[in-house]
Amino acid sequence: MDKRDLSGVFRERLKILLQRAGVNQSAFAESVGIDRSALSQLLSGATTRLPRAETLLTIAAEHRVSLDWLMGLSQDEALTGEIRASLEIEEAYGGFDRTLLAKWHGEAAGTKIRYVPAGIPDLLRTEALIDYESDISNRSREAQAGETQYRIDYNRRPETDMEVCMPRHTLEIFARGLGVWDGFPEAARREQLEHMATLLDDLYPTFRLFLYDGRMRYSVPYTIFGPYRAAIYAGDMYLVLNATQPIRALTRHFDDLIRAAEINAHEAAAFARTLAKTGAVAR
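Residues numbered from 1 in each chain as written. Predicted model: local features only at pLDDT ≥ 70, side-chain atom pairs only at ≥ 80, totals over all residues. Heavy atoms only, no water.

1. Remarks on the packing of aromatic side chains
Given two aromatic rings, one states the distance between the centres and the angle between the planes to describe the pair. Going by this rule: Centres within 6.5 Å make a pair out of two Phe, Tyr or Trp rings, where for Trp the six-membered ring is used; the pair is then stacked when the planes are under 30 degrees apart, edge-to-face when over 60, and tilted otherwise. Whether a residue is buried, partly exposed or exposed follows from its accessible area with a 1.4 Å probe, protein chains only, as a fraction of its type maximum: under 20%, in between, or over 50%, in that order.
The full count for this structure, using the stated rule, is 5 aromatic pairs. Centre to centre, the rings of Phe-174 and Trp-181 are 5.3 Å apart; their planes meet at 80°, and the pair counts as edge-to-face. Exposure class is identical for Phe-174 and Trp-181. Each is buried. Taken together, a centroid distance of 5.4 Å and an interplanar angle of 50° make the contact between Tyr-233 and Tyr-238 tilted. Judged by its relative accessible area of 27%, Tyr-233 falls in the partly exposed class. Of the aromatic side chains, those joined through ring pairs into one cluster are Tyr-132, Phe-174, Trp-181 and Phe-184.

2. Here's the deal with unusual backbone geometry
Rules: Labels follow the DSSP assignment, with helices taken as runs of H or I lasting at least four residues and strands as runs of E lasting at least two, numbered in each case from the N terminus.
Note the cis peptide between Tyr-204 and Pro-205, where omega equals 10°. The residue Pro-205 is located in the loop between α10 (186–203) and β4 (207–212) in this model. Here the phi dihedral of Arg-64 falls at roughly 55°; this positive angle occurs in a residue that is not glycine. Within the element layout of this structure, Arg-64 appears in the loop between α4 (53–62) and α5 (67–70). Under the relative-accessibility criterion, Arg-64 is labelled exposed at 60%.

3. Brief notes about the side chain of Thr-223
To be explicit about the condition: When checking whether two residues touch, look at their non-hydrogen atoms; a contact exists if any pair is within 4.5 Å.
If you trace the backbone, Thr-223 turns up in strand β5 (residues 222–225). If sequence neighbours within four positions are ignored, Thr-223 has contacts with Ile-113, Arg-114, Tyr-115, Arg-229, Ala-230 and Ala-231.

4. Digging into the pairing of strand β7 (residues 237–241)
The cut-off we apply is this: Two strands pair under a simple rule: DSSP has to find at least two bridges between them.
Where strand β6 (residues 229–233) meets β7, 4 bridges bridge the pair, whose relative direction is antiparallel. Opposite Ala-230, over in β7, you have Leu-241 as the bridge partner. In this structure, the hairpin formed by β6 and β7 is closed by a connection of 3 residues, where Gly-235 is found at a positive phi of approximately 75°.

Encoded structure:
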């Protein structure tokens, strides 16, 4: 991490601890063994210098937070943060409102969520598509319907900021009834695409869909929940990253997908409607 970034994160988290402590700067400085003037300098951002290692350890111990969190190396402020694995595995079963995925969405409210779906984005699916995909995947229809409704409600919140990026060819394959959708009727596919277009218009700009050329870019399905964690979808489980650096790496990867988009967010609804009418788009 760049020294200036590290200093900035430390300063913001020091301010959080000062506010939580509910004392003035003099009392806070005394509690961690530094001068009030030194504390003022750290809080002002006038320097990128960090306190000595023993001072950092004292601050972390006195206020019961992890050193990793204090330094911006982890989003986990618990005392076990230094020894907690940066990669965890979570099962993807259960009703959506009871899953960790729903909890992570709630925690990230007010921050930007970035999402690369495995297929048609969950909140854009019709009931007919949910039924069809439940049948061929042996997944709970109720769980998928609950996930779809949760995501729609989530994206209607005024504080929501969600970007979704996926290959345009996924929608073209769907429109033609190829691949996993070869048993999904044409009329239902057209209805699905019209439904998608309507929701894209309705939810814009809190929900923005970008489409890139899947022949030029590749991505596994994953979601980035603000600065807190990233979950890589792997079938019936999620690989969960909670360390700062891998979250930033996935964020850069997502930004690269956005830059490569052929269909931008304000064009996505029209693209879906064209597919609904023609089943294909001229290249």
